[in-house]
Amino acid sequence: MKIYTGTGDRGKTSLFSGERVSKNNPRIEAYGDLDELNSVIGAVMAALEKNQQPLTEELRSVQAFLLAAGAWLATTPGAASGRLLKPFTGEPVQWLEAAIDRMNASLPDLKQFILPGGHLSASLAHMARTVCRRTERRTIELVEREDAATGAAETLRNILVFLNRLSDYLFVVARYCNHVTGHGEILWEP
Amino acid sequence: MGTVNPKGGFSAALTGRQWIAPEILEFRLRRPAGFDFIPGQFVRFDMGGYQREYTMISKQGDATIDFCIDVKEPGHFSSAIQAADIGAIFKIIGPLGHFIHQGTTARPAVFVATGTGVAPFVAFCRTGVRGALLLHGVGDPGRLIYRQVLRDGVQSYVACISREFAGAGGDHFPGRVTRYLESQLPPGTYDFYLCGGRAMIRDAVAIIDRRFDGSRLFVEAYND
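Residues numbered from 1 in each chain as written. Chains lettered and ligands numbered in written order. Predicted model: local features only at pLDDT ≥ 70, side-chain atom pairs only at ≥ 80, totals over all residues.

## Topic: the overall build of chain B
Scanning chain B from N- to C-terminus turns up 5 helices and 11 strands. Expected size for 224 residues packed as a compact globule is a radius of gyration near 17 Å; at 17 Å, chain B falls within 12% of this value. Structurally, chain B occupies a C-alpha span of about 50 × 45 × 30 Å along its principal axes. Here the contacts in chain B between residues at least 6 apart in sequence split such that 65% fall between residues at least 24 apart. (Helix = DSSP H or I, 4+ residues; strand = E, 2+ residues; numbered from the N terminus. Rg over C-alpha atoms; globule rule 2.2 N^0.38 Å. Contact = placed C-beta atoms within 7 Å.)

What follows is the structure in structure tokens.
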């Protein structure tokens, strides 16, 4: 299978809903960051110890949610192409919250700020968390534009909540990875 | 909610086939229970790991799902479909793809196809899509398949014959589809639907970006 068509060689690309836009369009910026986030999560998975299969599978589910979110970010509201996409509801947020509570139950209470680092998987999870925050900022920009333009975008709002919760989840994943690999947390000493 | 890709695949029996043009074979499979699609979508044929993708040309809800295949370049699948007994079972995965009609908009629709890339537009027309301009590019007018279905469905049908051809008659545009876009289509904002080889798509998109700013673009690229 060839992966190139040469249709983006002049700085434009097509949204899923057909519009030809500049590659620095806010939608492209948003789902580009989402793509970056997904890649860093892939790196977290690659760095996990072999005995962390349940967490690997959980992160794979997160990757699938991110791909679904990316398809929505690439689609303008009301486009017919949207009928091919699965609705992005509030369910993934509930799923993330349950995962956060499950991991947190095995972690010591956090009483101080911690510094990113420790085991490679934990360090990459912190990196994923920061990319997630950036993605969230870009998506907020998009939601505000859509609200002004269409007064709609319920799906984008669900994605925004998902990204907000995902950064919390990745913070807990980082702590969890350090905990299960025997790396102590690096406390911030001002 | 539209048709989504179900997990796993379907088994479908071959019910018939016929040559519709030199080296272009149409074949039909019995539509498996539970299989539905949106016109413009395709399925992946899985033959023990060897996979090929073809777009449905039939209408939603028909008893069969129909395809056309260019056998000019002999391949594993094209050989198999020609040799298979009626009743032979094929495994299909899908429906797949997002090359669907977006509905009528303020932008006129322009369908652009080369060769058997006309398949999704046949499905569109059979499902009642109307009002588009269709450009069908072929090297040989004998390969202008589904002419009647397309003529009945679209507002304007233009056959683009890219090669000198004796006796081609006068009702075609003498040149590639891209030359038509470049020289004949009035400036404006359109919904372009492109289906065909990658070279055509690359060239057409360059023209669209240059001449038809603000248009929308939907692409289905065939492997060359």
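## A short note on the overall build of chain A
Looking only at helices and strands, chain A features 5 helices and 2 strands. Secondary structure of chain A in N-to-C order comes out as β-β-α-α-α-α-α. Considering only C-alpha atoms, chain A reaches an extent of 50 × 40 × 35 Å along its principal axes. Residues counted as buried form 34% of the 190 residues belonging to chain A. Of the contacts made within chain A by residues no fewer than 6 positions apart, 74% connect residues no fewer than 24 positions apart. (Buried ≥ 20, exposed ≤ 12 C-beta atoms within 10 Å, placed from the backbone.)

## Digging into the domain arrangement of chain B
Accessible area lost upon the coming together of the parts is a frequently used measure of interface size. Residue and element names in this part refer to chain B. What the domain assignment reports for chain B is domain 1 (10–96) and domain 2 (109–222). Computed from C-alpha coordinates alone, the two centres of domain 1 and domain 2 are separated by 23 Å. Taken together, the contact pairs 15 residues of domain 1 with 12 residues of domain 2. Elements supplying a minimum of two residues to the side of domain 1 that touches domain 2: strand 1 (10–21) and strand 5 (64–70). Top contributing element to the side of domain 1 that touches domain 2 by residue count: strand 5, with 3 residues. (Domains from an automatic or database assignment.)

## Some words on the packing of helix 3 (residues 91–104) of chain A against helix 5 (residues 154–180) of chain A
How two helices pack is summed up by the angle between their axes together with the distance between the axes. All names here are of chain A. Close contact between helix 3 and helix 5 brings their axes to 9 Å; oriented N to C, the two are set at 20 degrees. On the basis of their axis angle, the class for helix 3 and helix 5 is roughly parallel. Between helix 3 and helix 5 lies a crossing whose hand is left-handed. Every residue of helix 5 that contacts helix 3 at Pro92, Val93, Leu96, Glu97, Ala99, Ile100, Met103 and Asn104 is listed here: Val161, Phe162, Arg165, Leu166, Asp168, Tyr169, Val172 and Tyr176. Here the residues of the contact of helix 3 with helix 5 sort into 12 nonpolar, 1 polar and 3 charged. (Axes fitted to C-alpha atoms, helices over the stretch in contact; angles between N-to-C directions. Parallel < 35°, antiparallel > 145°, perpendicular 65-115°, else oblique. Left-handed = near helix turned anticlockwise from the far one by under 90°. Nonpolar A, V, L, I, M, F, W, Y, C, P; charged D, E, K, R; others polar.)

## Quick word on the interface of chain B and chain A
If you look at the interface, chain B gives 20 residues, while chain A gives 18 residues. Every element with two or more residues in the side of chain B that touches chain A is listed here: helix 5 (198–211) and strand 11 (216–222) of chain B. Across the side of chain B that touches chain A, the residue classes tally to 9 nonpolar, 6 polar and 5 charged.

## Concerning the sheet that holds strand 4 (residues 50–55) of chain B
All names here are of chain B. Read from one edge to the other, the open sheet built from 6 strands follows the order 4-3-6-1-2-5, with strand pairing classed as antiparallel. The open sheet has two free edges, formed respectively by strand 4 and strand 5, since each of these has just one partner strand. The mean angle between the axes of side-by-side strands here comes to 40 degrees, regardless of whether they run parallel or antiparallel. Strand direction decides the pairing type here: strand 1 and strand 6 (residues 89–96), joined by 4 bridges, are antiparallel. Of the residues in strand 6, the one forming a bridge with Phe10 is Ile92. (Pairing = 2+ DSSP bridges.)

## Topic: the sheet that holds strand 11 of chain B
Residues and elements named next belong to chain B. Ordered in space as 9-8-7-10-11, the 5 strands form an open sheet in which the pairing is parallel. Edge positions in the sheet fall to strand 9 (156–161) and strand 11, since each of these pairs with one other strand and no more. Going across the sheet, the axis of each strand differs from the next one's by a mean of 10 degrees, ignoring polarity. Across 5 bridges, strand 7 (residues 109–114) lies against strand 8 (residues 133–138) in parallel orientation.

## Some remarks on the pairing of strand 1 of chain B
Residues and elements named next belong to chain B. Sheet analysis places strand 1 next to strand 2 (residues 24–30), joined by 6 bridges and oriented antiparallel. Across the sheet, residue Arg17 finds its bridge partner in strand 2, namely Phe27. Counted between consecutive antiparallel strands, the loop separating strand 1 from strand 2 contains 2 residues, among which Glu23 sits at a positive phi close to 65 degrees.

## Here's the deal with the environment of Gly131 of chain B
All names here are of chain B. By the secondary structure assignment, Gly131 is in the loop between helix 2 (119–126) and strand 8. Considered as a pair, Gly131 and Tyr146 are 15 residues apart in the sequence and their alpha carbons are 17 Å apart. Sequence-distant contacts of Gly131, that is, excluding residues within four places in its chain, are made with Thr104, Ala109 and Gln155.

## Points about the packing of helix 2 (residues 53–73) of chain A against helix 5 of chain A
Residue and element names in this part refer to chain A. Close contact between helix 2 and helix 5 brings their axes to 11 Å; oriented N to C, the two are set at 145 degrees. At the point where helix 2 passes helix 5, the crossing takes the left-handed sense. Only Thr155, Ile159, Phe162 and Leu166 of helix 5 make contact with helix 2, whose side of the interface consists of Val62, Phe65, Ala69 and Trp72.

## Quick notes on unusual backbone geometry
Only a minority of non-glycine residues have a phi that is not negative, and only a minority of peptide bonds are not trans. All names here are of chain B. The linkage connecting Gly94 with the following residue, Pro95, adopts the cis geometry, with an omega of 10 degrees. Position of Pro95 relative to the elements: it lies in strand 6. A positive phi angle, near 65 degrees, is found at Glu23, a position not held by glycine. As for its placement among the helices and strands, Glu23 is situated in the loop between strand 1 and strand 2.

## Description of helix 3 of chain A
For the α-helix, the turn length of 3.6 residues means that residues three or four positions removed from each other point alike. Residues and elements named next belong to chain A. Over its 14 residues, helix 3 runs 20 Å from end to end, which matches the ideal 20 Å to within 8%, given 1.5 Å per residue. Those residues of helix 3 not exposed but buried are Pro92, Leu96 and Ala99. What you see down the axis of helix 3 is that its buried residues fit within an arc of 60 degrees, all on one side. Counted as exposed and oriented over 90 degrees from the buried face of helix 3: Glu91, Gln94, Ala98 and Asp101. (Expected span 1.5 Å × (residues − 1). Arc of directions from axis to C-beta.)

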